[in-house]
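Inside the fold
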Amino acid sequence: MQATNLKTNHLSAPLGMDAGTLFLSWQCAGGVRQTAYEIEVTTGAGTLWTSGKVLGSGMHTETPAAVPPKTQGQWRIRLWDENDQPGAWSEAEFETGLAQSDWQGVWVCPETKEPDIDCTDAINAFAKPNWEQKQAALEASGKGQAQPYQPHRPASYLRKTFTAPAGESKRLYITAKGLYAAWLNGKRVGDMVLAPGSFTADKHLGAQTYDVTALVRDGENELLIALGDGWYRSTSGVDGDRDLFGKEVAVLFQLEVDGKAVCVSDDDMEATQCGPIRQNDLQQGEVYDARLEGELSGWHGVKTEPNTLPITGMNTVPIREQEAFAGRLLRTPGGETVLDFGQNMAGHVEMKLTAHAGQKIKLLCGEALDENGNFTQENFQDRNRHKEGGC
């Protein structure tokens, strides 16, 4: 009999989880029933805990000893079957992230002034008149004062160059007020999407830990971060409320080599809003201008804020792209061209096309066709209630 599907704190080989005691679980393969187990937990400093032979059929336990922050560790387990015969050892790895007191960087806000947005893009051109109409009606009813429209903003890009020494272990710890993606020396960091995930971001945030040993060079390096609105300030829910957790997006990170910080988020960074993502919102969508691809311009300074928000580790599974679906083109009775993927999903559309500079392609996403077989979005929104007229 042998243990399989080993998990640490309910995760498979977690990277950057919170420090503390470990909840260890497993399943059994081979044999009829488990009659005993033995576990050894080790870290770089040596053996953290051994259980000895424990009689019983339970397939989980908790370590009495806590694992410190920034610790790479392993645990192994062997099982005894119904004949009291021990099986082979099975092994699993884990790594804890930063403690709150370990963070050396500060929150970096890339937006230093109010943007000049003419609201002619697809998102603002739709949302602004709807917002203004509803605000005028609100004031006319005597139920409130009309508020000015706040344009949806382009995504920000931030960069920092740094010098890294040689080392065996290199880690990037990072989180954001908003959504982020990061590149080191032009190569994407990790494969998580919609990072850092969904949190009550005015109360706490989770940080990701990435093994960047293969991406960081000895000597000069450049870290580039794209930062969007995400759950932090996008329109949300049936009412289309914005800025649920704050008004300014920001990023916090720390890059370490062999446990020592060599690059942190601070006021030495530069930012720009001149990239191809002109608007971004989890409900209203994205405006992307491919003419702005390539080398970024318009770099300027940043603002900073102290790090007072509680930051936890990566205590859940990352959001990743899992599978791809080929679409099927169809024409509706109303003459619409629909790309049908055959099921509901959370994802994005990927396509190749030949087009000329300045041409526009508009994609609308829906869940179903209406009773006449035409495309609709009316089944999942209340346009009268939504502050920006729906999405």
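Our subject is the structure listed above.
Described in the following lines is the structure provided in the data block.

Calculation rules
- Residues numbered from 1 in each chain as written.
- Predicted model: local features only at pLDDT ≥ 70, side-chain atom pairs only at ≥ 80, totals over all residues.
- Heavy atoms only, no water.
- Helix = DSSP H or I, 4+ residues; strand = E, 2+ residues; numbered from the N terminus.
- Buried < 20%, exposed > 50% of the residue type's maximum accessible area, 1.4 Å probe, protein only.
- Pairing = 2+ DSSP bridges.
- Axes fitted to C-alpha atoms, helices over the stretch in contact; angles between N-to-C directions.
- Patch = residues over 30% accessible without salt bridge, like charges linked within 9 Å, V, L, I, M, F, W, Y side chains within 5 Å.
- Areas by Shrake-Rupley, 256 points an atom, 1.4 Å probe, with all protein chains shown as cover.
- Salt bridge = Lys/Arg side-chain N within 4 Å of Asp/Glu carboxyl O.

All right, on to unusual backbone geometry then. Here the residue pair Ala195 and Pro196 is connected by a cis peptide bond, since its omega of 10° sits within 30 degrees of zero. Tracing the chain through its elements places Pro196 in the loop between β14 (187-188) and β15 (205-206). The residue Cys119 is not glycine, and still its phi comes out positive at about 65°. Residue position: Cys119 is located in the loop between β10 (107-109) and α1 (122-140). Residue class for Cys119 comes out buried when judged on its relative accessible area of 10%. The backbone phi angle of Asn185 is positive, close to 50°, even though this residue is not glycine.

This part takes up the sheet that holds strand β3 (residues 23-29). Strand order in the open sheet formed by three strands is β1-β3-β7, and the pairing between neighbours is antiparallel. The sheet is open, and its two borders are formed by β1 (2-8) and β7 (60-62), each paired with just one other strand. Averaged over all adjacent pairs, the angle separating strand axes in this sheet is 25°, with direction ignored. Note that β3 and β7 share three bridges and pair antiparallel. Across the sheet, Ser25 pairs through a bridge with His60, a residue of β7.

There is a patch of nonpolar side chains on the surface, built from Leu329, Leu339, Val349, Met351, Leu353, Ile361 and Leu363 and spanning about 650 Å² of accessible area. With respect to the helices and strands, the residue Leu339 is situated in strand β26 (residues 337-340). Given a relative accessible area of 36%, Leu339 falls into the partly exposed group.

Per the counting criterion, the structure on display carries 23 salt bridges. Between Glu256 and Lys70 there is a salt bridge, with the nearest N and O atoms lying 3.2 Å from each other. With a gap of 186 residues between them, Glu256 in strand β18 (residues 250-257) and Lys70 in the loop between β7 and β8 (72-80) connect regions that are remote in the sequence. Here Lys70 falls in the partly exposed class, since its relative accessible area comes to 32%. For Arg242, the salt bridge goes to Glu388, with nearest N and O atoms at 3.0 Å. With Arg242 in the loop between α2 (230-233) and β18 and Glu388 in the segment after β28 (375-376), the pair connects residues that are 146 residues apart, well separated along the chain. Exposure remark for Arg242: the relative accessible area of 22% places this residue in the partly exposed category. Classification of Glu388 as buried rests on a relative accessible area of 0%. Overlapping salt bridges, with partners in common, bring together Glu111, Glu114, Arg153, Asp229 and Arg233 in one network.

By themselves these figures say nothing about function.
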